[in-house]
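Understanding the architecture of this molecule
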Amino acid sequence: MKKFGLFLVGVIAFFVLLANIGPLLGLAVSLVVTYYAVKEFIKTDSTGTKILWGFIAFIAIAFSIANVPAVLAVVAAYILYVVYKNWNKEKANNDIIEAGDPFTNFEKQWNSLNK
């Protein structure tokens, strides 16, 4: 039942990620442009160039804010990662058998002799 739940959550997260792939790409491009614009803004000394790079950074930030649905894609990608990690996780086994215990083999042989 746990595998079915993980599968269901994984499928839903996959479709949410697939539906929001466009805004995710738009967010990535706008963040790259913002990073480059801020980097150039800090590097330049000219007032006119600073105004230009500041305006470009402002426009790129506005595009980033417009791509807020991309946050859903990021959350869906994280949920897919968690589902992938938990898919093959086995339950904790409470029956601890020590391989180096000499009495374990003795008890098995004693039980087989008594039958």
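1. Side note on the packing of aromatic side chains
Per the counting criterion, the structure on display carries 2 aromatic pairs. Judged by centre distance (5.5 Å) and plane angle (80°), the ring pair of Tyr-36 and Trp-53 falls under edge-to-face. Note that Tyr-36 is positioned in helix H2 (residues 21-43) and Trp-53 in helix H3 (residues 47-66), a separation of 17 residues in sequence. Since its relative accessible area comes to 17%, Trp-53 is described here as buried.

2. Things to note about the side chain of Thr-44
Relative to the helices and strands, Thr-44 is located in the loop between H2 and H3. Its relative accessible area of 16% is what places Thr-44 among the buried residues. Excluding anything up to four places from it in sequence, Thr-44 contacts Thr-49, Lys-50 and Trp-53.

3. Re a nonpolar patch on the surface
A contiguous nonpolar surface patch, about 830 Å² in accessible area, is contributed by Val-9, Ile-61, Ile-65, Val-68, Val-71, Val-75, Tyr-78, Ile-79 and Tyr-81. Of all the secondary-structure elements, those providing two or more residues to the nonpolar patch are H3 and helix H4 (70-87). Take the nonpolar patch: its biggest share by element is 5 residues, from H4. Among the structural elements, Ile-79 can be located in helix H4. Take Ile-79: its relative accessible area is 32%, and that puts it in the partly exposed class.

4. A look at H2
Taking 1.5 Å of rise per residue, 23 residues should cover 33 Å, and H2 covers 33 Å from first to last C-alpha, within 8% of that figure. Among the residues of H2, those classed as buried are Leu-27, Ser-30, Thr-34, Ala-37 and Glu-40. Its buried side turned inward, H2 meets H3 and H4.

Rules used in this analysis
Every chain begins its residue count from 1, and numbering advances along the sequence as written. In keeping with the predicted nature of the model, local features appear solely for residues at pLDDT of at least 70, side-chain atom pairs appear and are counted solely at 80 or more, and the whole-chain, interface and lining totals rest on all residues. To get the side-chain values, all heavy atoms of the structure are used, and hydrogens and water are removed first. Stacked, edge-to-face and tilted labels apply to pairs of Phe, Tyr and Trp rings (six-membered ring for Trp) whose centres lie within 6.5 Å, assigned for plane angles under 30 degrees, over 60, and everything in between, in that order. Secondary structure elements follow DSSP: runs of H or I no shorter than four residues count as helices, runs of E no shorter than two count as strands, and numbering proceeds from the N terminus. Accessible area is worked out with a 1.4 Å probe on protein chains only. A residue is then buried under 20% of its type maximum, exposed over 50%, and partly exposed in between. Working rule for contacts: check all heavy atoms of both residues, and any pair within 4.5 Å makes them a contact. Patch members must show over 30% relative accessible area and no salt bridge, and they are joined within 9 Å when carrying like charges or within 5 Å when they are nonpolar side chains of Val, Leu, Ile, Met, Phe, Trp or Tyr. Only the protein chains shown count as cover for residues, and all accessible areas are computed by the Shrake-Rupley method using a 1.4 Å probe. Any Lys or Arg side-chain nitrogen found within 4 Å of a carboxyl oxygen on Asp or Glu counts as a salt bridge. A helix is expected to reach a length of 1.5 Å times the quantity of its residues less one.

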